[in-house]
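Analysis of the macromolecular model
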Amino acid sequence: MQTSRDQSLIDLSNFKRLASFEQRAVLVSAKARSQLAPTDKMYWFKLRDKRFLGYRRNEEVGQWRARVYEKSRYIYLNIGFADEGPTPKGREHYSFREAVDITTRFAENPKSTRRKRRTDTYPAFELIASPVGEEMSVLKAVSLYLASLDGRATHGYLAHLYRSINRHVIPDLGNMLCDELTVPIIRQWFDDLSVGPLNPLHPIVRVPGGPRFSDDEKEEYQAREAANRVMINLRSVLNFAWHEGLISGYARPWQRVRPYRASRRKVPLGLSQEECSQLIKCCPPDLRLLVLAALFTGARLSELRTLKRSAFDFPSGTLLIYATKVRKARRVVLSFEAIDFFEFLTLPLQPNDFILRKADGEPWVSHDHTHMFRQACLAAGIDRRLVFHELRHTYASHQIMAGVSPFIIADQLGHRDCSQLFRTYGHVSTSFAQNQIRNLTPSYVLGRGLLDAVAQRHAHLAEHRRRPKGPLGLSVLFGQVADWSKPVV
C-alpha cells in the first residue's frame, strides 16, 4: 500500500510536464530533489539547446549526468553524486550549481573534461606489490604471467586483468607459495570473495561463506559471473606456472574448486532475413555499408573498421582479416553476392585506403555508429535492445540454418574449434541436425517382406482400436492406444 509520501512524489512523466523554471526549482536544492520518485531513468533538465543535465536517485543518494550533442551524436559524462544523502567513501559530491558548471565546460570542450568512470582505486597496468625472493609465490607467478601476455592481449583486457588481480588475488594470496596452496585454502578464498558493489547506486553486499550475493535475480547472476571470472584469472596464472615447470608435482588443487553454477545467458539468435532487409533499408548510406559487411562476413566491428583495400582478394573471393581479437589473422570466404559488394567498394580505392568509411570520408571510430544504429533499429521496427555485435550472431545462425558445416563456420568466425559454436548456437544446430540426419542419411535395404509386414501392422492398428478403460484413459497421456490382443492379419 502506498503511503502519503509515495503518492506526493513527482514521477518522471509528471516532471516532464513541468515548466523549465519549475524543473529547475525541483533540482536546485537537496530538499527539493527529495520530492522526485526514485528511478533508474534520468530526470533531464535542458540548460541550453542540445545541452542537458540529468539527475537520478535511489532511496538514499542521487547522481548527476551531462548530455551534450556533438558531431551528429550525443555524448555523456558521469559527473558524480549529488549533495544529498550519504556519500560513498572516497567519492566527491556536487551541488546543482557545480553540476551545471561541469556540464558547461564539458559542452564547450569535451576533451578537456575527464570522463569519470568507475574503475575502483586499483591501478591498471601495474601491480600493487612486487615479488621478493627466489621462491615461487603467487605474486611472482602473477608477474611472470602478465609479462607473458605483453603483446598478445588487448589493451582493455589487460586493464581489467590487472585491476582484478590487484583487488582480489594479491591481498589474500599474494604472499603464499604456490606449492602450499590447498583445496581448502582456495575454496575459503573463493567463498569469501567480494565482487560488489557492481552498481554504485545499488550495492551488492557479499555474505562471507554464503552462495547468495543479492535477492535480485539479475544482480545475483552478475555477481556470480564476476566471481567466476576472478577464479578463471587465478586458474590461468597457476596453470601458466604449472606448465612452465615453476610449480612442482602433478596435483593442481585450483582445478578442484568448482565455480558457482550460473546459468548462461541466452545468446540472441540475431535477426531474421526480413528484419535484416528492413534494417538495411532504414540505415544511412555509410552505416548501410557497415551493416552489409558484417552480415556478409560475420566479422566484429573492430575488424571491419580496420579493413583496407589490400585485404580483399578478388581472384580467390576471400577477405583477409588481420586486426582480430586474438591477434591471429584469418581469411573469410565470401559468397558471390559478397564478392560483388566488396568489388564495388574497392574499385576506386588505393591499396592502403580503408574500405568502410563514414559519410565525411573518415574511418569509423569506436561508438561512432551507436546512435545511428539504434535509430535505424527503431525505424525498422526492432524494439529490442539490439547491438551491432548481434549481426555476427545473425551471420552464424543463417549459415547454420543454410546447412554450412560447423567446422567451416568456426573457421570463418575465427574460433579455435567448434565448441564455442555449439555452446552458443546449440539450440539452432540441434533442430537443424535432426533434419539433416533424417533427410540425408542413406537408406539401407531391409527387404520387401519386412516393409510389407510393417505396413500391414500399421493398417491393422488403424482399423482395430478400442477405448481404454479406467479412471484416467491412457489416450489422455499417449493418444489412441492400439488393441494388441488381436492378431496380425
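Scope of this entry: the structure provided in the associated data block.

Conventions and cut-offs
- Residues numbered from 1 in each chain as written.
- Predicted model: local features only at pLDDT ≥ 70, side-chain atom pairs only at ≥ 80, totals over all residues.
- Heavy atoms only, no water.
- Helix = DSSP H or I, 4+ residues; strand = E, 2+ residues; numbered from the N terminus.
- Buried < 20%, exposed > 50% of the residue type's maximum accessible area, 1.4 Å probe, protein only.
- Arc of directions from axis to C-beta.
- Contact = heavy atoms within 4.5 Å.
- Axes fitted to C-alpha atoms, helices over the stretch in contact; angles between N-to-C directions.
- Parallel < 35°, antiparallel > 145°, perpendicular 65-115°, else oblique.
- Nonpolar A, V, L, I, M, F, W, Y, C, P; charged D, E, K, R; others polar.
- Pairing = 2+ DSSP bridges.
- Salt bridge = Lys/Arg side-chain N within 4 Å of Asp/Glu carboxyl O.
- Left-handed = near helix turned anticlockwise from the far one by under 90°.

Topic: unusual backbone geometry
The backbone of Lys50 sits at a positive phi, close to 60°, despite the residue not being glycine. With respect to the secondary-structure elements, Lys50 resides in the loop between β1 (43–48) and β2 (51–57).

Considering helix α3 (residues 20–28)
For an α-helix, 3.6 residues make a turn, and residues three or four places apart therefore share a direction. Residues of α3 that are buried: Gln23, Val26 and Leu27. Burial along α3 is one-sided: seen end-on, the buried residues are contained in an arc of 90°. On the buried face of α3, the contacting elements are α2 (12–17), α4 (30–33), β1, β2, β3 (62–70) and α5 (96–108).

Here's the deal with the packing of helix α6 (residues 138–148) against helix α7 (residues 155–173)
Relative orientation of the contacting elements α6 and α7 amounts to 170°, with a least axis distance of 11 Å. Taken together, the axes of α6 and α7 are roughly antiparallel relative to one another. Note on element contacts: α7 touches α6 through Tyr157, Leu161, Tyr162, Ile165, Val169, Ile170 and Leu173, opposite Val138, Leu139, Val142, Tyr145 and Leu146. For the contact of α6 with α7, the per-class residue count stands at twelve nonpolar, no polar and no charged.

Some details on the sheet that holds β2
Read across the open sheet, the five strands follow the order β1-β2-β3-β4-β5; overall the sheet is mixed. The sheet terminates laterally at β1 and β5 (93–94), the two strands that pair on one side only. Direction of pairing for β3 relative to strand β4 (residues 73–82): antiparallel, over a ladder of eight bridges. Counterpart to Arg67 in the pairing with β4 is Tyr76. Its contacts with the sheet put α3 on β1, β2 and β3, and the angle it makes with β1 is roughly 115°.

Some remarks on the pattern of salt bridges
Once their charged atoms are close, side chains differing in charge can pair, the charge on each being opposite to the other. This structure, assessed with the given rule, holds four salt bridges. Notably, a salt bridge pairs Asp368 with Lys358, separated by 3.0 Å at the nearest N-O pair. One end of the pair, Asp368, is in the loop between α13 (336–346) and α14 (370–379); the other, Lys358, is in the loop between α13 and α14, and ten residues separate them in sequence. For Asp368, a relative accessible area of 15% translates into the label buried. A single network of salt bridges, built from pairs that share partners, joins Arg300, Glu303 and Arg330.

Overview of the pairing of β1
Relative to β2, β1 is paired through five bridges, and the arrangement is antiparallel. Along β2, the bridge assignment pairs Lys46 with Phe52. Linking β1 back to β2 in an antiparallel pair, the connection comprises two residues, with Lys50 at a positive phi of about 60°.

What about the sheet that holds strand β8 (residues 330–333)?
Read from one edge to the other, the open sheet built from three strands follows the order β6-β7-β8, with strand pairing classed as antiparallel. Taken across any chain shown, the strands that pair with only one partner, and hence form the sheet edges, are β6 (312–313) and β8. When β6 meets strand β7 (residues 318–321), the two strands line up antiparallel, connected through two bridges. Residue Asp313 lies in a different strand from β7, and its bridge partner there is Thr318.

With respect to helix α16 (residues 406–413)
Buried residues of α16: Ile409, Ala410, Gln412 and Leu413, and no others. Considered in projection along α16, the buried side chains sweep an arc of 160° and stay on one side of the axis. Immediately downstream of α16, the backbone of Gly414 shows phi near 85°, a positive value.

Considerations on the packing of helix α11 (residues 285–297) against α13
Running from N to C, α11 and α13 cross one another at 145°; their axes reach a closest spacing of 10 Å. In terms of crossing hand, the pair formed by α11 and α13 is left-handed. Of the residues in α13, those in contact with Leu289, Leu292, Ala293, Phe296 and Thr297 of α11 are Glu337, Ala338, Phe341, Phe342 and Leu345. Partitioning the contact of α11 with α13 into residue classes produces eight nonpolar, one polar and one charged.

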